[in-house]
Amino acid sequence: MTTEPIQFVDLKAQRQCIGASIDTAIRTVLEHGQYIMGPEVAALEKALKDYTGAGAVVSCSSGTDALLMSLMALGVGKGDAVICPDFTYTATPESIALLGATPILVDVDRKTYNVQSNLLDEAKSVAAAGGLRLRGTIAVDLFGRPADYETIVPWANENGLFVLADAAQSFGATKGGQSVGTFGTMTATSFFPAKPLGCYGDGGAIFTDDPELAAKLTSIRSHGKSQTGGKYDIDRIGLNGRLDTLQAAILLEKLGIYDNEKRRRQTLAQRFFNELNNAYCPPSDSGSLRSAWAQYTIQAPDGRRPELRSYLDDRGIPTAIYYPKPLHKQKAYKNFPKVLAEDPFSSALASSVLSLPIHPYLSDAQQLKIIEALNAFMLT
Ligand SMILES: *Cc1c(COP(=O)(O)O)cnc(C)c1O
């Protein structure tokens, strides 16, 4: 039996589903012509607030800017240190370093891919030893799985630190019935097209329960403009961090089908977990945690990833590697302080992880094909 070609992310299939309503939404914006901060931007912020239960939502130009603007609102700068995982996308440490602060790279857990919260105290000592003022931590919900907030948040509170959640991959995930966007001091997400909730370009949003931080963010998003003074009164250093009205209009339509898409990803993840050979360490939700499943990431048997990848490729199954190098091995980041196991898990993962297609438009036959190919490879 033949199946349709498998895409890693299938935005075309999604367009077949809601393309017409998105086109109408785009046309509405073209007709009213308010391309910057048009009515769809406020409507989206309200919808995201309702969806997550966060106190305030400030939309912005990208996930990277969401991180950067959050750290700016928190007043992070020179002489400060911020903890972040050693195994994450570059945008996480970049936002810290751009402000002249120092990222402290911490090893991750081999099973959850989240930062190891038992290393936080050591990271604090490393900051002190380096004469740096530790300000907080960026917890990354890697691959869509919320980080260990039940440990990280109390630890941060005890130490007078902030927790910024990098939820670029986890919009829509929940833990204990609570939504991503409500953990920690602030949450930054991304609407890059390939993220679980994506627009047709760059976009992002910041969530916080703190009205003062929300007001600062609104000002930072528009060049530090005063909230009370005139149009050309500038209160702080800001930037141009706005979300385009067109992207907001697109996101409003996509948010309408998001729960359906999320459930399909969750069902498929459960199927992978049940049916894939255990030697791949297939991840699953646990307890009250529900991942957004931005990626379904397995681990190849020792040293066999290149072989596995081409085996799958030969059978029409696309895969991706997130990420081939831990930060401490990147030229730009290798000199920052780090807290790693002697044999860092971040390094072991970088050489074994493989992400499988897990988009909501995979048919049953396509899912089966992926599972059968992976299980057959184990017998080769
Ligand atoms: C995608 C991503 C970002 C950056 O988001 P952009 O919208 O591409 O700027 C930040 N952190 C993580 C973990 C990401 O996956």
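Structure: see above.
Analysis parameters
Residues numbered from 1 in each chain as written. Predicted model: local features only at pLDDT ≥ 70, side-chain atom pairs only at ≥ 80, totals over all residues. Heavy atoms only, no water. Near = heavy atom within 4 Å. Polar contact = N/O pair within 3.5 Å; in protein donor to acceptor, adjacent residues only side chain to side chain. Areas by Shrake-Rupley, 256 points an atom, 1.4 Å probe, with all protein chains shown as cover. Helix = DSSP H or I, 4+ residues; strand = E, 2+ residues; numbered from the N terminus. Nonpolar A, V, L, I, M, F, W, Y, C, P; charged D, E, K, R; others polar. Contact = heavy atoms within 4.5 Å. Buried < 20%, exposed > 50% of the residue type's maximum accessible area, 1.4 Å probe, protein only. Pairing = 2+ DSSP bridges. Phe/Tyr/Trp six-rings, centres within 6.5 Å; stacked < 30°, edge-to-face > 60°. Lys NZ or Arg CZ within 6 Å of the ring centre and 35° of its normal.

Draft legend 1. Seen up close, the site of the ligand. The environment of the ligand is formed by 14 residues, the closest being G63, T64, Q169, S190 and K195. Between the ligand and T64, the relevant distance is 2.5 Å, taken from an oxygen atom to a side-chain nitrogen or oxygen of the residue. A distance of 2.7 Å separates an oxygen atom of the ligand from a polar atom in the side chain of K195. Calculation on the ligand without its partners gives an accessible area of 380 Å², and the protein chains cover 92% of this total. Only α3 (63–73) and α4 (91–98) provide two or more residues apiece to the shell around the ligand. For the shell around the ligand, the class distribution of residues is five nonpolar, seven polar and two charged.

Draft legend 2. Spotlight on the side chain of Q169. Looking at the element boundaries, Q169 is found in the loop between β5 (162–166) and β6 (174–175). Only 2.6 Å separates the side chain of Q169 from the backbone nitrogen of F143, close enough to count as a polar contact. Separated by 3.0 Å, the side chains of Q169 and Y323 make a polar contact. Not counting chain neighbours up to four residues away, the residues in contact with Q169 comprise D141, L142, F143, G144, K195, P196, A292, A294 and Y323.

Draft legend 3. Up close: the environment of F143. Along the chain, the position of F143 falls in the loop between β4 (133–140) and α6 (149–158). Distance in space between the C-alpha atoms of F143 and S355 is 9.2 Å, their sequence separation being 212 residues. Excluding its chain neighbours within four sequence positions, the residues that come into contact with F143 are F87, Y113, Q169, S291, W293, A294, Q295, T297 and Y322.

Draft legend 4. Structural view of α4. The set of residues buried in α4 consists of A91, T92, P93, S95 and I96. On its buried face, α4 sits against α3, β2 (80–85), β3 (102–106), β4 and β5. Residue G100 follows α4 closely and has a positive phi angle near 85 degrees.

Draft legend 5. Quick peek at the pairing of β3. Taking burial as the measure, the five residues of β3 include five buried ones, the bulk of the element. The side-chain alternation of β3 yields two buried faces, one formed by T102, I104 and V106 and the other by P103 and L105. Judged from the five bridges that link them, β2 and β3 form a sheet pairing that is parallel. Across the sheet, the residue bridging to P85 is V106, located in β3. Note: β3 against strand β12 (residues 338–339), two bridges, orientation parallel. When the sheet's bridge partners are listed, L105 is paired in β12 with K338.

Draft legend 6. Local environment of the packing of aromatic side chains. In the structure shown here, the tally under the stated rule is 14 aromatic pairs. Each ring, one from Y51 and one from F171, has its centre 5.2 Å from the other, and the planes form 25 degrees; the classification is stacked. Here Y51, found in helix α2 (residues 39–52), pairs with F171, found in the loop between β5 and β6; they are 120 residues apart in sequence, far enough to count as distant. Judged by relative accessible area, which is 3%, F171 ranks as buried. Measuring from centroid to centroid gives 6.2 Å for Y51 and Y258, while their planes differ by 65 degrees, and the two rings are edge-to-face. Here the residue Y51 occupies a position in helix α2, and Y258 occupies one in helix α9 (residues 258–275), the gap between them amounting to 207 residues. Connected via pairs of aromatic rings, a cluster forms that spans Y51, F171, F191, F207 and Y258. Its guanidinium or amino end placed over the ring of Y89, K195 lies 5.9 Å from that ring's centre, counting from NZ or CZ. If you follow R315 out to its NZ or CZ, it ends over the ring of Y311, 3.6 Å from the centre.

Such coordinate-based values are descriptive only and should not be taken to indicate function.
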